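# Architecture at a glance
Take a look at the letters that make up each chain.
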Amino acid sequence: MCKHHGQHFCCMYLVMSMTVSMTCLAQDLDCPPSQPELVITANPTSRILNQEEQQLPSEIQALLIAYSDSIKSASKHTETQGSLVFKNNTKHAWERPKQKYDLFTWSKLSKVEQAQIWKQQGFKDFDHALNHARLAEQFLQLYPHTSQLPKDLPVNFEPGRLRDEVFFKKLYGRSKAEVAQQLTTVYWGKQKLKVTRLHKIDQRLQAIYTDLKNCLPKKFKRYYEPSAGAFTWRKIKGTQRLSVHSFGAAIDIGVKYSNYWKWTMKVYGRNAQGLIPYKNSFPVEIVETFKRYGFIWGGWWYHHDTMHFEYRPELIIDKQ
Ligand SMILES: [Zn+2]
């Protein structure tokens, strides 16, 4: 427990002249991880990059580190474009986003400016980008590094929700049968969950469960147990896009206490500005426990899905 204010994070006090301000750091979850070697925020070095690779853009370096079980190498043709080579020798083109936006810079954009960004990236609008995203759009919005959970999110701020589906199929398998070859069991309390063993996702989830159980007070148990499932080969409801659950790389927890943007709209309607109201009841301790093992949270999306966590360490590693 943090001695200063009773949270389960230790916070660093910054003393600046006469004022004292407090910063909570994500890595300061004040409970040692059960599997420190799997903590992505402390050891983003599961793959040592050679000199040439260190010249690649930060996003591509992050992909090499994050997915070393699947990606063999990467090269650049220009400063903004290049290709990845997978272990089975298939290739995948990469391109950098024209610009990258964090939560603050995205929140300052007008509707017109947002529309221009999707056009610059080569799409008609946001929905077009969402349905046909490439690696460039995957990195366009930065996953927040703060351990302060949002109270509100700007329109279409969705770090990690835009995914290059072809890239994911190359990572995990192109069909249910191909993905199934890599599935194994994780024990989530009394439940058995099917997840992929690629990228040690099974071991990471097992460590997350252990840490949730050992580090957090009992009152938080309702948020992570039971799980509402991990692997299912399925499309996201109402779309043609495959869910990350199809790859055995995502988990849903605490359905009873979760908020999903479609449910939020049904219950509350749109707000006075015509926007989807933001709702969340998950505590930061759960989100941070997942984050240190490389899992992003669906609660950081304007189209929020707070029960959802998926393995996307490249977004946590990439800081530029
Ligand atoms: Zn989910």
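Above this text is the structure in question.
Calculation notes
- Residues numbered from 1 in each chain as written.
- Predicted model: local features only at pLDDT ≥ 70, side-chain atom pairs only at ≥ 80, totals over all residues.
- Heavy atoms only, no water.
- 1 Å grid on protein atoms, 1.4 Å probe; cavity = no way out; pocket = protein on both sides within 12 Å on 5 of 7 lines; lining within 4 Å.
- Points joined across faces, edges and corners; volume = space filled by probe spheres on them.
- Nonpolar A, V, L, I, M, F, W, Y, C, P; charged D, E, K, R; others polar.
- Helix = DSSP H or I, 4+ residues; strand = E, 2+ residues; numbered from the N terminus.
- Phe/Tyr/Trp six-rings, centres within 6.5 Å; stacked < 30°, edge-to-face > 60°.
- Buried < 20%, exposed > 50% of the residue type's maximum accessible area, 1.4 Å probe, protein only.
- Lys NZ or Arg CZ within 6 Å of the ring centre and 35° of its normal.
- Pairing = 2+ DSSP bridges.
- Axes fitted to C-alpha atoms, helices over the stretch in contact; angles between N-to-C directions.
- Contact = heavy atoms within 4.5 Å.
- Patch = residues over 30% accessible without salt bridge, like charges linked within 9 Å, V, L, I, M, F, W, Y side chains within 5 Å.
- Areas by Shrake-Rupley, 256 points an atom, 1.4 Å probe, with all protein chains shown as cover.
- Salt bridge = Lys/Arg side-chain N within 4 Å of Asp/Glu carboxyl O.
- Lys, Arg positive; Asp, Glu negative; His and termini not counted.
- Charge placed at Lys NZ, Arg CZ, Asp CG, Glu CD.
- Disulfide = S-S within 2.5 Å.
- Arc of directions from axis to C-beta.

## Observations regarding the layout of surface pockets
Here the largest pocket is characterised by a volume of approximately 1000 Å³. Here the residues of the lining of the largest pocket are counted per class, giving 18 nonpolar, eleven polar and 14 charged. Estimated volume of the second largest pocket: approximately 310 Å³. Contributing to the lining of the second largest pocket are 17 residues, with Asn-88, Lys-170, Leu-171, Gly-173 and Glu-178 lying nearest its centre. Counting residues per element, the lining of the second largest pocket draws most heavily on helix H6 (residues 165-172), which supplies five residues.

## Quick notes on the packing of aromatic side chains
Evaluation of the coordinates by the stated rule reveals 22 aromatic pairs. Their ring planes at 75° and their centres at 5.4 Å tell us that Tyr-101 and Trp-106 sit as a pair that is edge-to-face. Exposure class is identical for Tyr-101 and Trp-106. Each is buried. Lying over the aromatic face of Tyr-257, Arg-222 brings its terminal NZ or CZ to 5.2 Å of the ring centre. Over the face of the ring belonging to Tyr-268 we find Lys-279, whose NZ or CZ atom lies 4.0 Å from the ring centre.

## Some details on the pairing of strand E11 (residues 308-311)
Both faces of E11 are covered, namely the face carrying His-308 and Glu-310 and the face carrying Phe-309 and Tyr-311. As judged from the three bridges shared by strand E10 (residues 295-297) and E11, these two strands associate in the antiparallel manner. Of the residues in E11, the one forming a bridge with Trp-297 is Phe-309.

## Examining the sheet that holds strand E4 (residues 81-86)
Reading across from one edge, E3-E4-E5 is the order of the three strands in this open sheet, with antiparallel pairing throughout. The open sheet is flanked by strand E3 (71-76) and strand E5 (91-95), the only strands paired with a single partner. Neighbour to neighbour, the strand axes of the sheet diverge by 25° on average, direction disregarded. Across five bridges, the pairing between E4 and E5 is antiparallel. Bridge pairing in E5 links Ser-83 to Ala-93. In the packing of helix H1 (residues 58-66) onto the sheet, the strands contacted are E3, E4 and E5, and the crossing angle to E3 comes to about 165°.

## Looking at the environment of Phe-231
By secondary structure assignment, the location of Phe-231 is in the loop between strand E8 (227-229) and strand E9 (250-253). Judged by relative accessible area, which is 18%, Phe-231 ranks as buried. Along the primary structure Phe-231 and Ala-250 are separated by 19 residues, whereas in three dimensions their C-alpha atoms are 7.1 Å apart. Excluding anything up to four places from it in sequence, Phe-231 contacts Lys-176, Val-179, Leu-183, Lys-194, His-245, Ser-246, Phe-247 and Gly-248.

## Observations regarding empty space enclosed by the protein
Inspection of the entire model under this criterion finds two cavities of 30 Å³ or more. Its boundaries defined by the atoms lining it, the largest cavity holds a volume of some 40 Å³. In terms of lining residues, the largest cavity is bounded by Trp-118, Glu-137, Gln-138, Leu-140, Gln-141, Glu-158, Pro-159, Gly-160 and Leu-162. Partitioned by chemical class, the residues of the lining of the largest cavity number four nonpolar, three polar and two charged. Computed from the structure, the second largest cavity encloses a volume of approximately 30 Å³. Around the second largest cavity, the lining residues are Phe-139, Gln-141, Leu-142, Tyr-143, Leu-315 and Asp-318. Of the residues belonging to the lining of the second largest cavity, the class tally is four nonpolar, one polar and one charged.

## Topic: a positive patch on the surface
A cluster of like positive charges, contributed by Lys-190, Lys-213, Lys-218 and Lys-221, occupies part of the molecular surface. Tracing the backbone through its elements, the reader meets Lys-218 in the loop between helix H8 (201-215) and helix H9 (221-224).

## Observations regarding the state of the cysteines
Scanning all chains against the criterion turns up one disulfide. The side chain of Cys-31 participates in a disulfide bridge whose partner is Cys-215; the two sulfur atoms lie 1.9 Å from each other. Given an S-S torsion of about -65°, the disulfide between Cys-31 and Cys-215 has left-handed geometry. Placement of Cys-31 in the loop between strand E2 (19-29) and H1 and of Cys-215 in helix H8 is noted, with a sequence separation of 184 residues between them. We classify Cys-215 as buried; its relative accessible area is 16%.

## Some details on helix H3 (residues 111-120)
Looking only at H3, the buried set comprises Gln-114, Ile-117 and Trp-118. For H3, the arc enclosing every buried residue in end-on projection is 95°, short of the 170-degree limit, so these residues lie on one face. Exposed side chains of H3 directed beyond 90 degrees from the buried face belong to Val-112 and Lys-119. Along its buried surface, H3 packs onto helix H2 (103-107), helix H4 (126-131) and helix H5 (135-138).

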